[in-house]
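# Tertiary structure, described
Now for the letters of each chain:
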Amino acid sequence: MREGRGKIVGYTAGVYDMFHIGHLNVLERAKQHCDHLIVGVNSDEAAYGYKNKYPIIPESERMEIVKAIKYVDEVVRVENTDKKFAYEIYHYDIIFVGDDHKDEPKWIELDEYLKGCGSRVCYISYTKHVSSSKLSAVIDRMLISNE
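Residues numbered from 1 in each chain as written. Predicted model: local features only at pLDDT ≥ 70, side-chain atom pairs only at ≥ 80, totals over all residues. Heavy atoms only, no water.

The helix and strand tally for the protein chain stands at six helices and five strands. Listing every helix and strand of the protein chain by position from the N terminus yields β-α-β-α-α-β-α-β-α-β-α. Residues counted as buried form 41% of the 147 residues belonging to the protein chain. Taking all contacts inside the protein chain whose residues are at least 6 apart in sequence as the whole, residues at least 24 apart take part in 75%. Working note: accessible area of the protein chain is about 8,400 Å², and carbon and sulfur atoms make up 53% of it. (Helix = DSSP H or I, 4+ residues; strand = E, 2+ residues; numbered from the N terminus. Buried < 20%, exposed > 50% of the residue type's maximum accessible area, 1.4 Å probe, protein only. Contact = heavy atoms within 4.5 Å. Areas by Shrake-Rupley, 256 points an atom, 1.4 Å probe, with all protein chains shown as cover.)

Right, let's get into helix 3 (residues 59–67). Looking at helix 3, one finds that the buried residues are Glu59, Arg62, Met63 and Val66. The arc that holds the buried residues of helix 3, viewed along the axis, is 100°, so those residues lie on one side. (Arc of directions from axis to C-beta.)

With that out of the way, let us pick up the pattern of salt bridges. Going through the model one piece at a time under the given rule, you end up with nine salt bridges. Measuring nitrogen to oxygen at the nearest pair gives 2.5 Å for the salt bridge that ties Glu79 to Arg77. The class for Glu79 is exposed, based on a relative accessible area of 60%. Residue Arg77 is classed as partly exposed on the basis of its relative accessible area of 35%. Overlapping salt bridges bring together Glu45, Glu59, Arg77 and Glu79 as one network. (Salt bridge = Lys/Arg side-chain N within 4 Å of Asp/Glu carboxyl O.)

Sheets are built from strands that pair by backbone hydrogen bonding, the pairs being arranged parallel or antiparallel. Taken in spatial order, the five strands make up an open sheet running 3-2-1-4-5, and their pairing is parallel. Edge strands, defined here as strands with exactly one partner in the open sheet, are strand 3 (74–78) and strand 5 (120–124). Taken pair by pair, the neighbouring strands of this sheet meet at an average axis angle of 30°, ignoring direction. The strands touched by helix 1 (residues 21–31) are strand 1 (9–14), strand 2 (36–42), strand 4 (94–98) and strand 5; relative to strand 2, the strand with the most contacts, the crossing angle is about 150°. (Pairing = 2+ DSSP bridges. Axes fitted to C-alpha atoms, helices over the stretch in contact; angles between N-to-C directions.)

Bringing the environment of Val78 into the picture now. Assignment of secondary structure puts Val78 in strand 3. Along the sequence, Val78 and Asn42 sit 36 residues apart, while their C-alpha atoms lie 4.5 Å from each other.

Laid out in structure tokens, this is it:
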């Protein structure tokens, strides 16, 4: 917590397509580590930019779903997925990411950068058995088999 700010601000971001228990678990676990949780919902274009496909659920609906979660204090639309850019806007004390990213160079480098700013990366255990990508693949297979 930064001097004089009064509360620990956390930040996490994602697509949150086809909202599922894994999403809920990450948000709940993140909220356990901060007083104010800001959740970035990636715009349709931002999601396409790194997943090479558009989300199934439109961004306005994904934002409403995330906003309704009791662990979430603030929802923001994300167009630029650079976490340093997000830090410059929100000045979060902690950024949360799934522990499946723990050994990725970009997250190690971000943690070093954030430590210099008085912030840090917190790795949250994620729910391995479910993901929006897995759900989307199942739907795709069902659609193909019904053709």
